[in-house]
Amino acid sequence: DIAKAALEELAERGQIKRVEAALNSPVAEVRKQAFETLEKHAKKNAIEHLVLALKSEHDDLRLSVVEQLAKRKDDKSVGDALAAALDSEHKGLALRAGEILAEREDVRAVDALTGLARSEDDKQVRRGREARALLGKKSSTAALLSLVHDAGVKDVAGLAAALGKT
């Protein structure tokens, strides 16, 4: 509650840069409060604070931002922010951004989702394959070609199942 009050006070005084700096706090609760304060004081439909938070060094905040972006209406700036998250070293973050882009029929997700097919984590492989299949279902030739290209990476049965859904 102390962090919330302090960050709110800074925002009301127009010291947004100091609130933004708190996005990289080592304390998760402070990061969360900084993000919520920026969200509260952002102009309607603005995403600058989301893009800034997406650059945080902390995965928990970046995952939260990707989920916030998922709730935003489909426009170029949201898609661009999600596409930037595809390059994250955090595979769960890249996967989630790819899933959201696939739901939005954005073919920028294909490469990242294809790369995840080589993951050691079977759950990530499955989620990536399903997102590519969704993209393919929504008439993306690039996603369908990605599925075919991946056939030898994991399992042909999974490919057949994914193609059967399109």
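That block above? That's the structure.
Given the structure is predicted, the values throughout are model-derived calculations rather than measurements.

Draft legend 1. Layout of the overall build of the protein chain. Helix and strand counts for the protein chain stand at 11 helices and zero strands. The helix and strand sequence of the protein chain, counted from the amino end, reads α-α-α-α-α-α-α-α-α-α-α. Looking at the 166 residues of the protein chain, the share that counts as buried comes to 45%. Relative to all contacts within the protein chain whose residues are 6 or more apart in sequence, the contacts with residues 24 or more apart total 54%.

Draft legend 2. Broad picture of the nonpolar core. With 36 residues, the main nonpolar core has Val-65, Val-66, Leu-69 and Leu-82 as its most contacted residues. Counting residues per element, the ones that place at least two in this core are helix H1 (2-12), helix H3 (28-41), helix H4 (48-54), helix H5 (59-71), helix H6 (76-85), helix H7 (91-103), helix H8 (109-115) and helix H9 (122-137). Element by element, the count of residues in this core is highest for H7, at six residues.

Draft legend 3. Layout of the pattern of salt bridges. The final tally for this structure, using the stated rule, is 14 salt bridges. Among the salt bridges present, the one from Glu-8 reaches Lys-40, with a minimum N-O distance of 3.3 Å. Of this pair, Glu-8 sits in helix H1 while Lys-40 sits in helix H3; the two residues are 32 residues apart in sequence, bridging distant segments of the chain. What makes Glu-8 buried here is its relative accessible area of 14%. Of the residues examined, Lys-40 reaches a relative accessible area of 57% and is grouped as exposed. The salt bridge partner of Glu-99 is Arg-96, with a shortest N-O separation of 3.4 Å. Of this pair, Glu-99 and Arg-96 both sit in helix H7, separated by three residues, roughly a single helical turn. Arg-96 matches Glu-99 in its accessibility class, with the two residues each being buried. Linked by salt bridges that have partners in common, Glu-67, Arg-96, Glu-99 and Arg-127 make up one network.

Draft legend 4. The arrangement of H6 in detail. Val-78, Gly-79, Ala-81, Leu-82, Ala-83 and Ala-85 are the residues of H6 that are buried. Of the surrounding secondary structure, the elements contacted by the buried residues of H6 are H4, H5 and H7.

Draft legend 5. Representation of H7 in the model. Between its first and last C-alpha, H7 extends 18 Å over 13 residues, near the 18 Å set by a 1.5 Å rise per residue. Taken across its 13 residues, H7 has 10 buried, putting it largely inside the fold. Burial in H7 covers these residues: Leu-93, Ala-94, Leu-95, Arg-96, Ala-97, Gly-98, Glu-99, Ile-100, Leu-101 and Ala-102. Looking one or two residues past H7, Glu-105 carries a phi angle of roughly 60°, positive in sign.

Draft legend 6. Looking closely at the packing of H1 against H3. With their axes 9 Å apart at the nearest point, H1 and H3 run at an angle of 35° to one another. The two elements H1 and H3 cross, and the hand of that crossing is right-handed. Of H3, the residues touching H1 (which contributes Ala-3, Lys-4, Leu-7, Glu-8, Ala-11 and Glu-12) are Val-30, Gln-33, Ala-34, Thr-37, Lys-40 and His-41. Broken down by class, the residue content of the contact of H1 with H3 amounts to five nonpolar, three polar and four charged.

Draft legend 7. Quick look at the layout of surface pockets. Roughly 200 Å³ of internal volume is contained in the largest pocket. Lining the largest pocket, in full, are Ile-16, Glu-20, Leu-38, His-41, Ala-42, Lys-43, Ala-46, Glu-48, His-49 and Leu-52. Sorting the residues of the lining of the largest pocket by element identifies helix H2 (16-21), H3 and H4 as the ones contributing at least two each. For the lining of the largest pocket, the leading source of residues is H4, giving three residues. In terms of residue class, the lining of the largest pocket is made up of five nonpolar, two polar and three charged.

Criteria and cut-off values
Residues numbered from 1 in each chain as written. Predicted model: local features only at pLDDT ≥ 70, side-chain atom pairs only at ≥ 80, totals over all residues. Heavy atoms only, no water. Helix = DSSP H or I, 4+ residues; strand = E, 2+ residues; numbered from the N terminus. Buried < 20%, exposed > 50% of the residue type's maximum accessible area, 1.4 Å probe, protein only. Contact = heavy atoms within 4.5 Å. Core = buried A, V, L, I, M, F, W, Y, C linked by side-chain atoms within 4.5 Å. Salt bridge = Lys/Arg side-chain N within 4 Å of Asp/Glu carboxyl O. Expected span 1.5 Å × (residues − 1). Axes fitted to C-alpha atoms, helices over the stretch in contact; angles between N-to-C directions. Left-handed = near helix turned anticlockwise from the far one by under 90°. Nonpolar A, V, L, I, M, F, W, Y, C, P; charged D, E, K, R; others polar. 1 Å grid on protein atoms, 1.4 Å probe; cavity = no way out; pocket = protein on both sides within 12 Å on 5 of 7 lines; lining within 4 Å. Points joined across faces, edges and corners; volume = space filled by probe spheres on them.

By themselves, these are just geometric observations and shouldn't be taken as functional.
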